[in-house]
Amino acid sequence: MDEKEKSQNQNMTENSDTAEEPKKKKGWLKILLIVLIVLVCIAAVIGIYAVSQKDNAEEAALSHAKVSRSEVSGLYSDLELDGLTPVCEISFWTQDAKYEYEVTAFGHDVIQFEREPLSSAGQNSSAAQGDTAQGGTASGGGAGTAGTDQNGTGASGASGTQSGMIGEAAAKAAVLSHAGLNESDIYGYQSWLETDHGTQIYEIEFLSGNYEYEYKVDAYSGEILSFQSDREHH
């Protein structure tokens, strides 16, 4: 009788364990489901809040461009993820240029922008003013080539810049001021002169800390046309 009782008790225990296994699995599934629901709710709240911040991001871009809403057309913004950071991609037009911005949804920091002139008329005007100030005469026939000295001298001596240009050193100073950096803070500095849509620009690249910076600077006015700051990937 004792052996039968032991066998019965053992069978009951095994049956009990077998019955408990589905319950344990269901318990874990419930926990995982609750965790998933919580994460989805958190993501939804963050997404809703980020969408609510689009207007503020747009205002940050307009303030950076020094224009008001009434002065722009085609204002468009879209929320994207840059890694895990919600970023507002914003674009708009003014009478003389197209602007494209990337602004963080939280904090409203401008992390990238580009200004593309809609025509080269303003550039030609800048070149003509520069030539006149230095005693040259900008004729109508030379208007197609921005910055060309109509007296035929072209580049101006050791600086290698054309008449009316600000010079590479001034462009570098403007870039460092915009980035909030000193010359001692950067390395791998490169710069070159290019023509973009009829506008002569300085393209400048350098590294600072773990970030790579890229700038485009108007070679005549010194205006920063675009910049980008990205973390280096080693």
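In this report, we go over the structure that sits alongside the text.

Conventions and cut-offs
- Residues numbered from 1 in each chain as written.
- Predicted model: local features only at pLDDT ≥ 70, side-chain atom pairs only at ≥ 80, totals over all residues.
- Heavy atoms only, no water.
- Helix = DSSP H or I, 4+ residues; strand = E, 2+ residues; numbered from the N terminus.
- Buried < 20%, exposed > 50% of the residue type's maximum accessible area, 1.4 Å probe, protein only.
- Contact = heavy atoms within 4.5 Å.
- Pairing = 2+ DSSP bridges.
- Core = buried A, V, L, I, M, F, W, Y, C linked by side-chain atoms within 4.5 Å.
- Axes fitted to C-alpha atoms, helices over the stretch in contact; angles between N-to-C directions.

## Section: the overall build of the protein chain
Within the protein chain, the secondary structure is distributed over 4 helices and 8 strands. Going from N to C terminus, the protein chain has its helices and strands arranged as α-α-β-β-β-β-α-α-β-β-β-β. The proportion of buried residues among the 234 residues of the protein chain is 28%. In the protein chain, the proportion of contacts linking residues at least 24 apart, taken out of those at least 6 apart, comes to 38%.

## Details of the pairing of strand β1 (residues 73-82)
Here β1 pairs with strand β2 (residues 85-93) via 8 bridges, running antiparallel. Note on β2: the bridge partner recorded for Ser77 is Ile90. Between β1 and β2, which pair antiparallel in sequence order, lie 2 residues; one of them, Gly83, sits at a positive phi of approximately 70°.

## Topic: the nonpolar core
Residues Ile90, Phe92, Tyr101, Ile204, Phe206 and Tyr215 are the most contacted members of the largest nonpolar core, which totals 32 residues. Mapped by element, the contributors of at least two residues to this core are α2 (54-65), β2, β3 (97-104), α4 (168-179), β6 (199-208), β7 (211-218) and β8 (224-231). Counting residues per element, this core draws most heavily on α2, which supplies 5 residues. In contact with Tyr215, not counting residues within four places along its chain, are Val175, His178, Ala179, Tyr202, Glu203, Ile204, Phe206, Ile224, Ser226 and Phe227.

## Considerations on the pairing of β2
Relative to β3, β2 runs antiparallel, the two sharing 7 bridges. Within β3, the residue paired with Ser91 across the bridge is Glu100.

## Points about the sheet that holds β7
The strand order β1-β2-β3-β4-β8-β7-β6-β5 describes an open sheet built from 8 strands, whose pairing is antiparallel. Every interior strand has two partners, whereas the edge strands, β1 and β5 (187-196), have only one. Taken over all neighbouring pairs, the strand axes of this sheet differ in orientation by 15° on average, direction set aside. Helix-sheet contacts for α2 involve β1, β2, β3 and β4 (110-117), and the interaxial angle to β2 is about 50°. Contacting β4, β5, β6, β7 and β8, α4 crosses the sheet at an angle of about 55° to β6.

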